[in-house]
Amino acid sequence: MLAFNFFGATEGGLFDINATLPLMAIQVVALTYILNSLFFKPVGNVVEKREKFVSNNIIEAKNKLSEVKKLEADLLTQLQSARTEAQRIVSEAENESDKLYKEALELANNEANASKEKARLEIESQTSAARDQLSKQADDLSELIVNRLILEK
Amino acid sequence: MFFNSLLTNFAALEVGQHLYWQIGNIRLHGQVFLTSWILLGALIVFISLGTKKMENDPKGLQNLLEFLWDYIRDLARTQIGEKVYRDWMPFIGTLFLFVFVSNWGGALIPWRLIKLPSGELGAPTADINTTIALALLVSLSYFYAGLSNKGWRYFEYYVHPTPIMLPFKILEDFTKPLSLSFRLFGNILADELVVGVLVFLVPLILPIPVMFLGLFTSAIQALIFATLAAYYIGEAVEEHH
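Residues numbered from 1 in each chain as written. Chains lettered and ligands numbered in written order. Predicted model: local features only at pLDDT ≥ 70, side-chain atom pairs only at ≥ 80, totals over all residues. Heavy atoms only, no water.

Looking at the overall build of chain A
Next, step 1: Looking only at helices and strands, chain A has one helix and zero strands in total.
Next, step 2: Scaling as 2.2 N^0.38, a compact globule of 153 residues should have a C-alpha radius of gyration of about 15 Å, whereas chain A reaches 63 Å, well beyond that.
Next, step 3: Expressed as lengths along the three principal axes of its C-alpha atoms, the size of chain A is roughly 205 × 30 × 15 Å.
Next, step 4: Across the 153 residues of chain A, 16% fall into the buried class.
Next, step 5: Element-wise, carbon and sulfur atoms account for 62% of the exposed surface of chain A, whose accessible area totals about 12,500 Å².
Next, step 6: Of note, chain A has its 19 positive side-chain charges centred 4 Å away from the centre of its 24 negative side-chain charges. (Helix = DSSP H or I, 4+ residues; strand = E, 2+ residues; numbered from the N terminus. Rg over C-alpha atoms; globule rule 2.2 N^0.38 Å. Buried < 20%, exposed > 50% of the residue type's maximum accessible area, 1.4 Å probe, protein only. Areas by Shrake-Rupley, 256 points an atom, 1.4 Å probe, with all protein chains shown as cover. Lys, Arg positive; Asp, Glu negative; His and termini not counted. Charge placed at Lys NZ, Arg CZ, Asp CG, Glu CD.)

Below, the structure is given as structure tokens:
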């Protein structure tokens, strides 16, 4: 039963509290300082630096993304306005060309009408001149016939 | 007959026997210091190797140490709170690592193969001196944390919801270290004893599941000790409104 001397009064036993206790406490405190300088500080620095780096990058990326979105929207409105502008110009040009075509057509029609009229007038005058001459010649001829008949008698 | 052989086997466990070192007037449990020096030396070597060349892209050991650091930080942060956890993280982490390394070292390394003139090597946390030392350090820490953070207002905590709580809160200051130290001591010693007894009774196979259970208990005890220490500190620095 020596082995089960749990509460060993003087020597040994499970609850034998002695100078091991304060020395162990000092050892743990020393270990805290050692681990702090060997482990917690350096690893903490690296991890926190990386966390800062990552969060900074995320913020930066977010900023860039919002900038890109803004630019995209900007470009889209620009594109829209350019499109309407182009449409406007095209329709304007169409109207213009239409107008020009109509003007040119009218001008050509007028000219053609004028020259037709002129030609008609000329034809008419020539016809009347020819008729006059013809009637004059007929008069002369009739006079000549009359004279001849008179003279023969 | 059988009972007698059982007793002699138990006697071989050498419960409550110590390797005494006498320095002047003081007496020390040598086996506790021997194992703790070996285990803590291994821990420090391991950590020095892992943090020798710190890189931004962690490799190998550094990964493991960063995981450990993160684990300890989470533990400290959730229990102590965002404001002061940084100051106490090394202490909580050291408690966790010390208890964990001691428990696992005691369970994993076949210390029994090393014969001592008296007593036997084992987990340093299976000695009541170690666990009381740790528990008293925790008590001092939470007193210090409370007083340094809140000054004399720390004592408002004792009458916090109502002054009726005062005797209970005072009692708590004694039960906290008591429960901390005896929980750890009891669990680790019991585990060592169970494994020891089983190894003597049935040397094959049967002790193995118990050994695994022991490893599990050891890890859990380390976590419990560190979590409770952090919780006590957190309780002391918490602001009441």
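Describing the packing of helix α5 (residues 128-150) of chain B against helix α7 (residues 207-237) of chain B
All names here are of chain B.
Next, step 1: Running from amino to carboxyl end, α5 crosses α7 at an angle of 25°, the nearest separation of the two axes being 8 Å. Classified by the angle their axes make, α5 and α7 are roughly parallel. Between α5 and α7 lies a crossing whose hand is right-handed. The residues of α7 that touch α5, namely those facing Leu134, Ala135, Val138, Ser141, Tyr142, Ala145, Gly146, Asn149 and Lys150, are Phe225, Ala229, Tyr232, Ile233, Ala236 and Val237. (Axes fitted to C-alpha atoms, helices over the stretch in contact; angles between N-to-C directions. Parallel < 35°, antiparallel > 145°, perpendicular 65-115°, else oblique. Left-handed = near helix turned anticlockwise from the far one by under 90°. Contact = heavy atoms within 4.5 Å.)

With respect to the pattern of salt bridges
Residue and element names in this part refer to chain B.
Next, step 1: Taken as a whole, this structure holds 16 salt bridges over all chains when the rule is applied.
Next, step 2: Of the charged contacts in the structure, one is a salt bridge between Arg77 and Asp74, with a shortest N-O distance of 3.8 Å. Of this pair, Arg77 and Asp74 both sit in helix α3 (residues 61-80), three residues apart, which is roughly one turn of that helix.
Next, step 3: Assessed through its relative accessible area of 27%, Arg77 is described here as partly exposed.
Next, step 4: Residue Asp74 is classed as partly exposed on the basis of its relative accessible area of 35%.
Next, step 5: Of the charged contacts in the structure, one is a salt bridge between Glu82 and Arg77, with a shortest N-O distance of 3.7 Å. (Salt bridge = Lys/Arg side-chain N within 4 Å of Asp/Glu carboxyl O.)

Some details on the interface of chain A and chain B
A common way to express how large an interface is: the accessible area buried when the components associate.
Next, step 1: With 38 residues of chain A in contact, the opposing surface of chain B contributes 53 residues.
Next, step 2: For the pair chain A and chain B, the two sides together bury roughly 4,100 Å², of which 72% comes from carbon and sulfur.
Next, step 3: Contact with chain B buries surface across chain A, with A:Leu14, A:Phe39 and A:Phe40 losing the most and accounting together for 15% of the total.
Next, step 4: Summed over the shared surface of chain A and chain B, the result is three salt bridges. (Buried area = accessible area lost by both parts, 1.4 Å probe.)

Comments concerning empty space enclosed by the protein
Where empty space is left in the structure can be found by rolling a water-sized probe over the atoms.
Residues and elements named next belong to chain B.
Next, step 1: Applying the stated criterion across every chain, the model contains one cavity of 30 Å³ or more.
Next, step 2: For the largest cavity, the calculated volume is near 30 Å³.
Next, step 3: Around the largest cavity, the lining residues are Asn103, Gly106, Ala107, Ala123, Ile188, Asp191, Glu192 and Ser218.
Next, step 4: Among the residues making up the lining of the largest cavity, the classes are represented as three nonpolar, three polar and two charged. (1 Å grid on protein atoms, 1.4 Å probe; cavity = no way out; pocket = protein on both sides within 12 Å on 5 of 7 lines; lining within 4 Å. Points joined across faces, edges and corners; volume = space filled by probe spheres on them. Nonpolar A, V, L, I, M, F, W, Y, C, P; charged D, E, K, R; others polar.)

Brief notes about unusual backbone geometry
Next, step 1: We note that B:Ile205 has phi near 60°; this positive angle belongs to a residue other than glycine.
Next, step 2: Secondary-structure assignment places B:Ile205 in the loop between α6 (166-201) and α7.

Thoughts on the UniProt feature "transmembrane region" in chain A
Next, step 1: Under the present numbering, the feature "transmembrane region" in UniProt falls on residues 23-40 of chain A.
Next, step 2: Helix makes up 100% of residues 23-40 of chain A and strand 0%. Its end C-alpha atoms lie 24 Å apart. (UniProt positions renumbered as here; feature names shortened; annotations may be inferred.)

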